[in-house]
Amino acid sequence: MRELPRQLSAQELAGLFEGTRFVERLALEPDPLTRAATLVRELPHDEQIEVLAAHPAIGQRSGISARSAAEQGGDADPEVLAELARLNAEYEARHGFRFVVFVNRRPKAEILAILRERIGRSTADELQTALGELVEIAVDRWRRR
């Protein structure tokens, strides 16, 4: 596994976090990927939502980066994709932000159970979980480059 870097440029961080105002702040930090877990929770609420919205919805098929497509995997069962789309919409309507999960090469069908469980959680808890997952994704992206 690759060690976490001591410094990354905003451009490098944009590739890890899908690019938002957050990466500009993070680029100023020593140990940006270590600091990310704390800093993302210190952002104003609107910027937290922006960071989450930058990630594609799980199961999204178009308009996503090659990296995101590879991470989400190729399993494309139409019934699973339809259920993911329905649950993503339900999640966003309930919580007011995008569902973000570190897929970690799991099949989309496995993510359905996680999404169902997380819909019912409190929005405050869910926001913290989503922000943590976002950082896990970025760290994994760095280590797999």
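That block above? That's the structure.
Residues numbered from 1 in each chain as written. Predicted model: local features only at pLDDT ≥ 70, side-chain atom pairs only at ≥ 80, totals over all residues. Heavy atoms only, no water.

### Some points on the environment of I114
Short version of the rule: Put simply, DSSP H or I for four residues or longer makes a helix, DSSP E for two residues or longer makes a strand, and each gets a number counted from the N terminus. Any two residues whose heavy atoms approach within 4.5 Å at even a single point are treated as in contact.
Positionally, I114 belongs in helix α7 (residues 108-119). Sequence separation between I114 and V101 is 13 residues, and the spatial gap between their C-alpha atoms is 8.6 Å. Ignoring any residue separated from it by four or fewer positions in sequence, one finds I114 in contact with F99, V101 and R106.

### Digging into unusual backbone geometry
Most of the time, phi is negative for any residue but glycine, and the peptide bond is trans. Operational definition: Working definition: with a 1.4 Å probe on protein chains only, accessible area under 20% of the residue-type maximum means buried, over 50% means exposed, and in between means partly exposed.
Positive phi is not limited to glycine here, since N104 has a value of about 55°. Within the secondary structure, N104 sits in the loop between α6 (78-95) and α7. The phi torsion at R105 lies on the positive side, around 65°, for a residue other than glycine. The residue R105 is located in the loop between α6 and α7 in this model. A relative accessible area of 41% means that R105 is categorised as partly exposed.

### What to know about the nonpolar core
The criterion, for reference: Throughout this description, the term nonpolar core refers to a set of buried Ala, Val, Leu, Ile, Met, Phe, Trp, Tyr and Cys residues connected via side-chain atoms within 4.5 Å.
One finds L13, L16, F17, F22, L33, V40 and L52 to be the most contacted residues of the largest nonpolar core, which totals 42 residues. Elements with a minimum of two residues in this core: α1 (10-17), α2 (21-27), α3 (32-42), α4 (45-53), α6, α7 and α8 (123-144).

### Re the pattern of salt bridges
When the charged atoms of two side chains lie near each other, side chains of opposite charge can form a pair. For the record, the criterion: Salt-bridge detection follows one rule: a side-chain nitrogen of Lys or Arg within 4 Å of a carboxyl oxygen of Asp or Glu.
The tally for this structure, following the rule as stated, stands at 15 salt bridges. The closest approach of N and O atoms between E92 and R98, which form a salt bridge, is 3.6 Å. The class for E92 is partly exposed, based on a relative accessible area of 32%. One continuous salt-bridge network, built from bridges that share partners, spans R21, R25, D46, E47 and E50.

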